[in-house]
Amino acid sequence: MKKGALEGLRVLDFTVMAAGPLVTKFLSDHGAEVIKLESTVRPDVIRTFIPFAGGTPGINRSITFAEGNTGKYSFRLNLSHPLGIDIAKRLASCCDIVVENFNPGVMKKHGLTYDDLTKIKSDVIMVSMSGLGQSGPHSRHRNIGLSIQALAGINHFTGWPDRAPIGYSIPYPDVIIPWFALLALMAAVDYRKRTGKGQYIDVTMLETSLHFLAPALLDYTANGREGTRMGNRCAYAAPHGVYRCQGEDRWCAIEVFNDDWPSFCKVLGNPAWSKEPQFATLLGRKENEEELDRLVEDWTAKRSAEEVMSLMQQAGVGAGVVQNAEDIADKDPHFKYRQFYQVVEHPEIGAYECPTASFKLSKTPCELSPAPCLGEHNEYVCTKILGMSDKEFSELVASGVFE
Amino acid sequence: MIPEKKTESPLASYRALDLTDENGFLCGKIFADLGMDVIKIEKPGGDAARRLGPFYHDIPDPEKSLYWLAYNTSKRSITLNIESPDGQEIFKRLVKTAHFVFECFPPGYMDSLGLDYQVLAEINPGIIMTSITPFGQMGPYSNYKGADIVALAMGGLMQLCGYPDRAPLRWGLEQSWPQAGAQAAMGTIIAHYHRLVSGEGQHVDVSVRDCMIWSAYPSPQNWSMVKKIVGRTGFTAPRGHLNLRLNHRCKDGYVAWMPWRGEVTKKLVEYMGEEGVGGSLRETDWDQVNMEEVNQEQIDRWQDDIERFCLNHTKAELHNEVMKRGLMLWPMNDVKDLREMSQLLARHFWVDVEHPELNDTVIYPGPPVKTGEGYWQIRRRAPLIGEHNEEVYKGELGFSESQLVVLRQAGVI
Amino acid sequence: MGKSALEGVKVVDLGVTVTAPLACKILGMYGATVVKVEGPPHTLRFDPLRMYPPFLDGIAGVNRSGSFAEYNGSTLGITIDLRQPRGMELMCKLVTWCDVLVENFSAGTLKRMGLDYDELVKLNPDIILAMTATAGETGPAAAQPGTGLQLQSASGLTHLLGWPDRPPVGSPNAYTDYIGPWYLVIAIIAALEHRMRTGKGQWIDMSQLEAAVTFLSPAVLDYTTNGRVLHAQGNSCPYAAPHGAYRCQGDDRWCVIAVFTDEEWRAFCQVIGNQELAHDPRFETILGRKENEEELNRLVESWTMGHTPEEVMAVVQEAGVPAGVVLNGRDLYEDPQLKLRNHFQNVFHPEMGTTYGSTSGLLLSKTPCRLGPPPCLGEHTEYVCREILELSDKEFVELLNEGIFGAL
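### Some points on the overall build of chain C
- When you go through chain C residue by residue, the secondary structure sums to 18 helices and twelve strands.
- Each principal axis of the C-alpha distribution contributes one length, and for chain C these read about 85 × 50 × 40 Å.
- Residue pairs at least 24 apart in sequence account for 67% of intrachain contacts in chain C once pairs closer than 6 positions are excluded.
- For chain C, the accessible area works out to roughly 14,100 Å², and carbon and sulfur atoms hold 52% of it.
- Between the mean site of the 32 positive side-chain charges and the mean site of the 49 negative ones, chain C shows a separation of 4 Å.

Structure follows, in structure tokens:
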């Protein structure tokens, strides 16, 4: 029996790629039993992504997969096999929650919609995650995080005013949708506890991403105004931006809000230019922002990013090193202190560091277990969860349904 | 009744910047009701004093403080953080075209922001700055924390109020605040008259505590005249060697009466006589009586007789009769009685003030003074927080909308 | 020395007792010329406050009243028998001379005297007539006499001072007399400016009752919007505790303390050296302190009883918490802060010698106030006639011989 805040919950996990599995990873890390359905015929494509442990490819060696699927049971099942759907339904009957992120229509094709599943388990909670929704004119579009990012306006707002929109190079919506999906899911679990009723949750990457742009949307619907890219600027603070520091491609972000200006100047040693009248007020600094940024960068360029951050923070001014992977994984003492990474032992990969959660529960902290090898838990699930006899299990193996 | 005209106020062309708290609201209100453009400058989010109750329908919302609404009528409101350099620059721009500045900050605060009288006078030599603090700008108590009860205690009033067997008392509704506000307005307008004649502005330094000393009569006078310490005498008031009851029981409350030489008491005795009551009051020659020669026993007899008479009548009965006959006997009223008082209704003292945001019309006390030229009026309800930001910042100072958005986000307005 | 703000402003004071005379004293302290008109001694038509104690050294006399002195500083005094036609003539000369005429008779009195606004403007078309009857010039109670002592009750103020379990007592003085004068001075000066701009005078009708009611405005609004009637509350404050007057060492010596915030409470406990109190869960929050207010007050008083009120004030103010000694008359005169502000100024009076009087709570930096003596009855009759009205010697002596200024 797994331990944790969600112990006792069992999840049937149809998800693939990144966003869906993140949801079930959080469930798994906090004590839920997650049965991840996988197939050799069509394995989760993440299992084929680099980087691989030690640089050696292998279906169980993908680091990305290992980080995103900790503690889940891998159950190989071919849904296209004649017996496949029945097994899926049997599994569903033992689970509280079903999560999927196929293209809309796929679960219908398999006969595994919410309506179908409630016939098997009337109080099932089903979560369908998709790019644009289960219905609607574009619901069948093929979308992954990068295109959703563009659709959601994130690209439009990211970049320099005088250049093309760039957005993020990772599919940012993939790391927005999981939180909303989990919230809705936990609310449904609580609802079921109180009323005995399950329900269906239809959550999309586009709509959840739009939440993160809500003020800009309201500015349009209420004021008819189109916002745009501002580089690193902030409408109501100056200096505000990312400044080059000593070293190669080393930068520090600094944000000076109105009350911080005297402290900021003090850190710089109250240089003569900082006393000039055009910089005394916020409006003045905004009007002369280019010159201001140049003057600030003259100072930061002579110092390491860490020094800049440290001096600023000591003076109560917001600042942060633009950290790269090495900074985050190895150098940043704060991450270490927070124990953001846990070490997990994997039968094939060996020991690897895995991110935990961005929150810490005091009574039920999460304990990571390794991600599963493909098909590692078929026997366990069949015999211990589905209660099959050894004989039945062997027959099914022979049928090829577990391919 | 001579009808009141409504001509343009002599103060209409002036502007006041009002940074007061509860100690000074009434100062600005008086000038605003007199037609001056009084701009209440509140910190972003609203004056702290908006947390003072009671509240409209008991909803403790900053736009529903009845204290705030009562004493900030006719003003405009802008929000401004004068602790920020942006805010100080804006304030100084406003001072250029203002005629008055009212403030209630602790002594030294305006100095620390570079906004003291000297600086403002350099910007605008004719400016009159009125500073209201608990004890004044300088001196051993200037940094003392004030409170209404402190002003009443140290103003000498509490010494006199209450019963000898219990603690001295303060008013159940703060009085030092309106006292300081009204007296500050008085000092301000005196300084203003000087400016009319000479062109000079000046600094008016108001001490809330000192404003209460008038109300301590007869305490300081007894000390300076007869070296006597006057204390609490309960339901009576000292008058030289006598203790007079100012109020007497009647059927449904109390009425105020005291013995007074002449016609007023003679007519009262006549009235009492019509009901077969008189006693010791009837026996006195009210034309000749010399209060200095009356003793306490006599006073007590008179008072007992009056009370015996009044106990047969309600406040309303007595007052109606008294008005007909011109006697000096008045009911002890509460606010309900005041609202029903014929005298106030006849003079149209109560004013309806529209509150569109409450979807209501609220009844307020009207101006304290009626004038032939009619320019002392409640002109509109107290302003909402920053209600006139656009009018002033955009319309007058020429800020653009986007600049105002920046200033708002930066906590300047 | 300072300049004089209201120099050149000419005021005639026909007022009696407090409201009108006090307004005129304020004008006079700031430099106006104030001429108070009273009836000669034998007519008994002088200001009745002259017969009101306390008298200097306890000896009664029309020129020895400390009450009269308090409200008639900086004023010149003339006696005129207005019952005589030549007396009225002289009065009319004063009317023509003045800018402002102030009075507080009950409504109708001026008219009976032939000095109502319609008559006055015939003599002085742009005169400012400042009337402040007890209840105003119009309405069913306009003709009804009253002093501030009754008005305090009628205006709703008396009702608000007292203990909830005893009849309300109000303050034992004419508190409403200390509301009206400020408004009246303001109205007068506004009218003076109006006249500068337009050439027009006007009448001013300030009902002392209405002026007083404005000091109850929040309670009025609480009634008109919430239907709630405010009653006397002892010394408690709905949103503060401890809040009240606490007995100290000495005979009838008290100090008030007002703790509004939890932060002030902690500072208070620390400065009185009672950490136990600071951590007592009953008193940690404002709601807790209000709920346990009786016990709280007892505990606070058990501390104050061991100290003089001056010590209590000093210690508690040191912690940044409001506190103040309940000062008596002598304390006020000895108060160092009032001394610094030159609050009580001395004046030399022909009969009373050197006496002190209150000035005001205001310090005007360029035009400070200067307290002048109150007039003996008729003291400046000759001065007013000769210097102000510029009567010839002959005229003055005639009036004198006709008994206009006093009994023959």
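Now that the structure is up, let's keep going.
### Topic: the domain arrangement of chain A
- Per the domain assignment, the segments of chain A are domain 1 (10-211 + 339-399) and domain 2 (240-330).
- With centres defined by C-alpha atoms, the gap from domain 1 of chain A to domain 2 of chain A works out at 42 Å.

### Focus on the arrangement of the chains
- By contact count, the dominant pairing among the two pairs of chains in contact is that of chains B and C.
- Considering only C-alpha positions, the minimal separation of the non-contacting chain A and chain C is 25 Å.

### Regarding the sheet that holds strand β11 (residues 330-331) of chain B
All names here are of chain B.
- Taken in spatial order, the three strands of this open sheet run β9-β10-β11, and their pairing is antiparallel. Only two strands of the sheet have a single partner each, and these edge strands are β9 (247-250) and β11.
- Of the pairings in the sheet, the one linking strand β10 (residues 253-256) to β11 comprises two bridges and is antiparallel in character. The partner of Val255 across the bridge, within β11, is Pro331.
- Most of the contacts of helix α11 (residues 296-310) go to β9, to which it runs at about 35°, and overall it touches β9 and β10.

### Details of the packing of helix α10 (residues 263-274) of chain B against α11(B)
Residues and elements named next belong to chain B.
- Closest axis-to-axis distance for the α10/α11 pair is 11 Å, and the angle between their directions is 50°. When the axes of α10 and α11 are compared, the pair comes out oblique. Helix-helix and strand crossings are classified by hand; for α10 and α11 the assignment is left-handed. Each of Leu268, Tyr271 and Met272 in α10 lies in contact with α11, whose residues at this interface are Asp305, Ile306 and Phe309.
- Residues belonging to the contact of α10 with α11 are distributed by class as follows: five nonpolar, no polar and one charged.

### Here's the deal with the interface of chain C and chain B
- Contacts between the two partners involve 156 residues from chain C, matched on the other side by 158 residues from chain B.
- For the chain C and chain B pair, buried surface summed over both sides reaches about 13,800 Å², with 66% attributable to carbon and sulfur atoms.
- Area buried by chain C at its contact with chain B is led by C:Pro172, C:Trp203 and C:Glu210, which between them contribute 5% of it.
- Inspection of the chain C/chain B interface yields 13 salt bridges.
- B:Glu373 serves as the salt-bridge partner of C:Lys200, at 3.7 Å between the closest nitrogen and oxygen.
- Linking chain C to chain B there are 66 residue pairs in polar contact (both at pLDDT 80 or more).
- For the side of chain C that touches chain B, the class distribution of residues is 84 nonpolar, 51 polar and 21 charged.
- Examined bridge by bridge, strand β14 (residues 370-371) of chain B and strand β6 (residues 202-205) of chain C share two bridges and lie antiparallel to one another. Bridge pairing in β6(C) links B:Thr371 to C:Ile204.

### Here's the deal with the packing of aromatic side chains
- Tallying each qualifying case throughout the model produces 44 aromatic pairs over all chains.
- Judged by centre distance (6.3 Å) and plane angle (70°), the rings of A:Phe14 and A:Phe102 are edge-to-face. Of this pair, A:Phe14 sits in the loop between β1 (10-13) and α1 (19-29) while A:Phe102 sits in the loop between β4 (97-100) and α4 (106-109); the two residues are 88 residues apart in sequence, bridging distant segments of the chain.
- A:Phe14 sits in the buried class, given a relative accessible area of 3%.
- Over the ring of B:Trp223 we find B:Lys227; its NZ or CZ atom is 5.3 Å from the centre of that ring.
- Positioned above the aromatic ring of C:Tyr52 is the side chain of B:Arg239, whose terminal nitrogen or guanidinium carbon lies 4.2 Å from the ring centre.

### Some remarks on α11(B)
- For α11(B), built from 15 residues, the straight-helix expectation of 21 Å at 1.5 Å per residue is met to within 8% by its first-to-last C-alpha distance of 21 Å.
- Along its buried surface, α11(B) packs onto β8 (242-245), β9, β10, α10 and α12 (315-325) of chain B.

### Looking at the domain arrangement of chain C
- Taken as a whole, chain C is organised into domain 1 (10-215 + 341-401) and domain 2 (243-331).
- Its C-alpha centre places domain 1 of chain C at a distance of 43 Å from the equivalent point of domain 2 of chain C.

### A few points about the interface of chain A and chain B
- The interface of chain A with chain B comprises seven residues on the first partner and eleven residues on the second.
- A combined buried area of about 900 Å² lies between chain A and chain B, and 60% of that area is made up of carbon and sulfur atoms.
- Broken down residue by residue, the surface that chain A buries against chain B is led by A:Tyr236, A:Asn258 and A:Leu283, which jointly contribute 54%.
- Our enumeration of links across chain A and chain B arrives at zero salt bridges.
- Of the residues in the side of chain A that touches chain B, the class split is five nonpolar, two polar and no charged.

### Section: the environment of C:Cys376
- As for its position among the elements, C:Cys376 is in the loop between β12 (362-364) and α17 (381-388).
- The contacts of C:Cys376, once residues within four sequence positions are left out, are C:Arg50, C:Asn63, C:His349, C:Pro350 and C:Glu351.

### Some details on the sheet that holds strand β8 (residues 251-255) of chain A
All names here are of chain A.
- Across the sheet, which stays open at both edges, the three strands sit in the order β7-β8-β9 with antiparallel pairing between neighbours. Two strands bound the open sheet, and with one partner strand each, they are β7 (240-244) and β9 (318-321). Across the sheet, the mean angle from the axis of one strand to that of its neighbour is 20°, orientation sign disregarded.
- Inspection of the sheet shows β8 paired to β9 by four bridges, in the antiparallel sense. By the bridge assignment, Ile254 is partnered in β9 with Ala319.
- Seen against the sheet, helix α14 (residues 305-314) touches β8 and β9 and runs at an angle of roughly 160° to β9.

### Overview of helix α3 (residues 84-93) of chain A
Residue and element names in this part refer to chain A.
- All buried positions along α3 are accounted for by Gly84, Ile85, Ile87, Ala88, Leu91 and Ala92. Angularly, the buried residues of α3 cover 160° about the axis, an arc narrow enough to put them on a single face.
- Contact partners of the buried residues in α3: β1, β2 (33-38), β3 (73-76), α5 (114-120), α17 (378-385) and α18 (390-399).

### Points about the pattern of salt bridges
- Taken as a whole and judged by the stated rule, the model has 78 salt bridges over all chains.
- The salt bridge involving B:Asp305 is made with B:Arg308; its shortest N-O contact spans 2.5 Å. Of this pair, B:Asp305 and B:Arg308 are both found in helix α11, three residues apart, which corresponds to roughly one turn of the helix.
- Residue classification places B:Asp305 among the buried positions, given a relative accessible area of 9%.
- Where C:Glu70 meets C:Lys25, a salt bridge forms, and the shortest distance between an N and an O atom there is 3.1 Å. A residue pair is termed long-range when its members are at least 10 positions apart, and C:Glu70 in helix α2 (residues 66-71) and C:Lys25 in helix α1 (residues 19-29) qualify at 45 residues. Residues C:Glu70 and C:Lys25 agree in their burial class; the two are buried.

### Section: unusual backbone geometry
- With an omega of 0°, the peptide bond running from A:Ile50 to A:Pro51 counts as cis.
- Checked against the element boundaries, A:Pro51 lands in the loop between β2 and α2 (63-68).
- Across the junction of C:Ala241 and C:Pro242, the peptide omega takes the value -5°, indicating a cis bond.
- Considering the arrangement of structural elements, one finds C:Pro242 in the loop between α9 (217-226) and β7 (243-247).
- Phi is positive for C:Asp57, close to 60°, though the residue is something other than glycine.
- Tracing the chain through its elements places C:Asp57 in the loop between β2 (33-38) and α2.
- We classify C:Asp57 as exposed; its relative accessible area is 56%.

What counts as what
Residues numbered from 1 in each chain as written. Chains lettered and ligands numbered in written order. Predicted model: local features only at pLDDT ≥ 70, side-chain atom pairs only at ≥ 80, totals over all residues. Heavy atoms only, no water. Helix = DSSP H or I, 4+ residues; strand = E, 2+ residues; numbered from the N terminus. Contact = heavy atoms within 4.5 Å. Areas by Shrake-Rupley, 256 points an atom, 1.4 Å probe, with all protein chains shown as cover. Lys, Arg positive; Asp, Glu negative; His and termini not counted. Charge placed at Lys NZ, Arg CZ, Asp CG, Glu CD. Domains from an automatic or database assignment. Pairing = 2+ DSSP bridges. Axes fitted to C-alpha atoms, helices over the stretch in contact; angles between N-to-C directions. Parallel < 35°, antiparallel > 145°, perpendicular 65-115°, else oblique. Left-handed = near helix turned anticlockwise from the far one by under 90°. Nonpolar A, V, L, I, M, F, W, Y, C, P; charged D, E, K, R; others polar. Buried area = accessible area lost by both parts, 1.4 Å probe. Salt bridge = Lys/Arg side-chain N within 4 Å of Asp/Glu carboxyl O. Polar contact = N/O pair within 3.5 Å; in protein donor to acceptor, adjacent residues only side chain to side chain. Phe/Tyr/Trp six-rings, centres within 6.5 Å; stacked < 30°, edge-to-face > 60°. Buried < 20%, exposed > 50% of the residue type's maximum accessible area, 1.4 Å probe, protein only. Lys NZ or Arg CZ within 6 Å of the ring centre and 35° of its normal. Expected span 1.5 Å × (residues − 1). Arc of directions from axis to C-beta.

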